[in-house]
Amino acid sequence: MNTKLNLSGIGMTSQRTRERLLGRLMSQGITSMEVLDVIRSTPRHIFLDEALAHRAYEDVALPIGFNQTISQPYVVAKMTEAILRGGSLDSVLEIGTGCGYQTALIGQLAKKVATVERIKPLLDRAKKNLKLLGLRNIDFKHDDGSSGWQEKGLFDAIITTAAPQQIPQDLLDQLSEGGRLVIPVGGDSQQELRLITRSKNEFTTEILDAVRFVPLLVGQVQH
Ligand code: SAH
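Because the structure is a prediction, the values reported are computed rather than measured. (Residues numbered from 1 in each chain as written. Predicted model: local features only at pLDDT ≥ 70, side-chain atom pairs only at ≥ 80, totals over all residues. Heavy atoms only, no water.)

Participant: Explain the packing of helix 1 (residues 15-27) against helix 2 (residues 33-41) residue by residue, including any values.
Facilitator: Interaxial distance between helix 1 and helix 2 falls to 10 Å at its minimum, and their mutual angle equals 155°. Between helix 1 and helix 2, the angle is such that the two are roughly antiparallel. As helix 1 runs across helix 2, the sense of the crossing is right-handed. Taking contact as the criterion, the partners of Arg 18, Glu 19, Leu 21, Leu 22, Leu 25 and Met 26 in helix 1 are, on helix 2, Leu 36, Ile 39 and Arg 40. Its residues assigned to classes, the contact of helix 1 with helix 2 shows 6 nonpolar, no polar and 3 charged. (Axes fitted to C-alpha atoms, helices over the stretch in contact; angles between N-to-C directions. Helix = DSSP H or I, 4+ residues; strand = E, 2+ residues; numbered from the N terminus. Parallel < 35°, antiparallel > 145°, perpendicular 65-115°, else oblique. Left-handed = near helix turned anticlockwise from the far one by under 90°. Contact = heavy atoms within 4.5 Å. Nonpolar A, V, L, I, M, F, W, Y, C, P; charged D, E, K, R; others polar.)

Participant: Help me get a handle on the site of the ligand, residues and values and all.
Facilitator: Looking at the ligand, there are 26 residues lining it, with Ser 71, Glu 117, Asp 144, Gly 145 and Leu 217 nearest. At 2.7 Å from a nitrogen atom of the ligand is found a main-chain nitrogen or oxygen belonging to Gly 145. Considering the ligand on its own, with 570 Å² of exposed area, one finds that the protein chains cover 100% of that surface. Cavity membership is defined here by more than half of the atoms lying within 2 Å of grid points; on that basis the ligand lies in the largest cavity. Of all the elements in the fold, those that place two or more residues in the shell around the ligand are strand 2 (68-70), strand 3 (89-95), helix 4 (101-109) and strand 4 (110-117). Residues that form the shell around the ligand fall into these classes: 11 nonpolar, 10 polar and 5 charged. (Near = heavy atom within 4 Å. Polar contact = N/O pair within 3.5 Å; in protein donor to acceptor, adjacent residues only side chain to side chain. Areas by Shrake-Rupley, 256 points an atom, 1.4 Å probe, with all protein chains shown as cover. 1 Å grid on protein atoms, 1.4 Å probe; cavity = no way out; pocket = protein on both sides within 12 Å on 5 of 7 lines; lining within 4 Å. Sits in = over half its atoms within 2 Å of the grid points.)

Participant: Tell me about the nonpolar core, residues and numbers included.
Facilitator: One finds Leu 25, Ile 39, Phe 47, Ile 70, Ile 83, Tyr 101 and Val 182 to be the most contacted residues of the largest nonpolar core, which totals 50 residues. With residues up to four places along the chain from it excluded, the contact list for Val 182 reads Met 79, Ala 82, Ile 83, Ile 158, Ile 159, Thr 160, Leu 193, Arg 194, Leu 195 and Leu 208. Formed by 16 residues, the second largest nonpolar core is a distinct cluster that contains Trp 149, Leu 171, Leu 172 and Ile 183. (Core = buried A, V, L, I, M, F, W, Y, C linked by side-chain atoms within 4.5 Å. Buried < 20%, exposed > 50% of the residue type's maximum accessible area, 1.4 Å probe, protein only.)

Participant: So what about the packing of aromatic side chains? Which residues, and what values?
Facilitator: Summed over all chains, the structure comprises 1 aromatic pair. Between the aromatic rings of Phe 47 and Tyr 101, the centroid separation amounts to 5.6 Å while the plane-to-plane angle is 75°, which identifies the pairing as edge-to-face. Separated by 54 residues along the polypeptide, Phe 47 in the loop between helix 2 and strand 1 (62-65) and Tyr 101 in helix 4 bring together distant segments of the chain. For Tyr 101, a relative accessible area of 2% translates into the label buried. A cation over an aromatic ring shows up here: Arg 44 above the ring of Tyr 101, its NZ or CZ 5.6 Å from the ring centre. One cation-aromatic arrangement involves Lys 152 over Trp 149; the distance from NZ or CZ to the ring centre is 5.3 Å. (Phe/Tyr/Trp six-rings, centres within 6.5 Å; stacked < 30°, edge-to-face > 60°. Lys NZ or Arg CZ within 6 Å of the ring centre and 35° of its normal.)

Participant: How would you summarise helix 3 (residues 73-84) if you had to cite specific residues and measurements?
Facilitator: For helix 3, spanning 12 residues, the distance from its first C-alpha to its last is 16 Å, which sits close to the expected 16 Å at 1.5 Å a residue. Counted residue by residue, helix 3 has 11 buried out of 12 residues, so it is predominantly covered. For helix 3, every residue scored as buried is listed here: Pro 73, Tyr 74, Val 75, Val 76, Ala 77, Met 79, Thr 80, Glu 81, Ala 82, Ile 83 and Leu 84. (Expected span 1.5 Å × (residues − 1).)

Here's what the structure looks like:
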């Protein structure tokens, strides 16, 4: 599964800054060629406000408004690599669409992506960005994603890009056999990035890294 992006009309920033980012990700231990390839081909600058677009290929999280951030490329790469380890992906659920950057990467690697965001204007912006890239295999929902998206499940993988204090049971229940959940867990200052793998009704946990995400909040916001 490697959906090609439509890049016509999208200004390219310096190829050198992009290659430098790739080099940095590899030196930090990202080895999956599939992941590195989609990061190379995905223009991160279109997901940012113009004033910040020149920083798009730095390996940092950046503000996207509404007190939210676009995730750091290293963390996005690490999470994507973790879900791909289980083999090919038919259906993936993402909780926390934000501006849609992580969604764009998964959209190129999985057959179908379902993504849920609680802040309406962010979801609308993500829809626009992903349409611009020509990705058509993504379903969007404006909702509190803590309880997953039951009608679309089960999922081969679930990625949560906001941190709960504890893993919601609904997300575990919506994993298919062999399915993987990658999720930051913990309080405001520091969280663990966990990879949970389902085998029948058993769940094994691996700690991938220390991370810092925005909290997974309850309820939805219209504006
Ligand atoms: N995936 C984004 C990261 C966005 S930051 C990227 O690629 O950069 C995390 C997002 O999770 C924010 O947009 C926030 O509004 C959203 N979020 C927080 N709690 C949520 C919830 N309960 N349901 C759905 N989205 C939530």
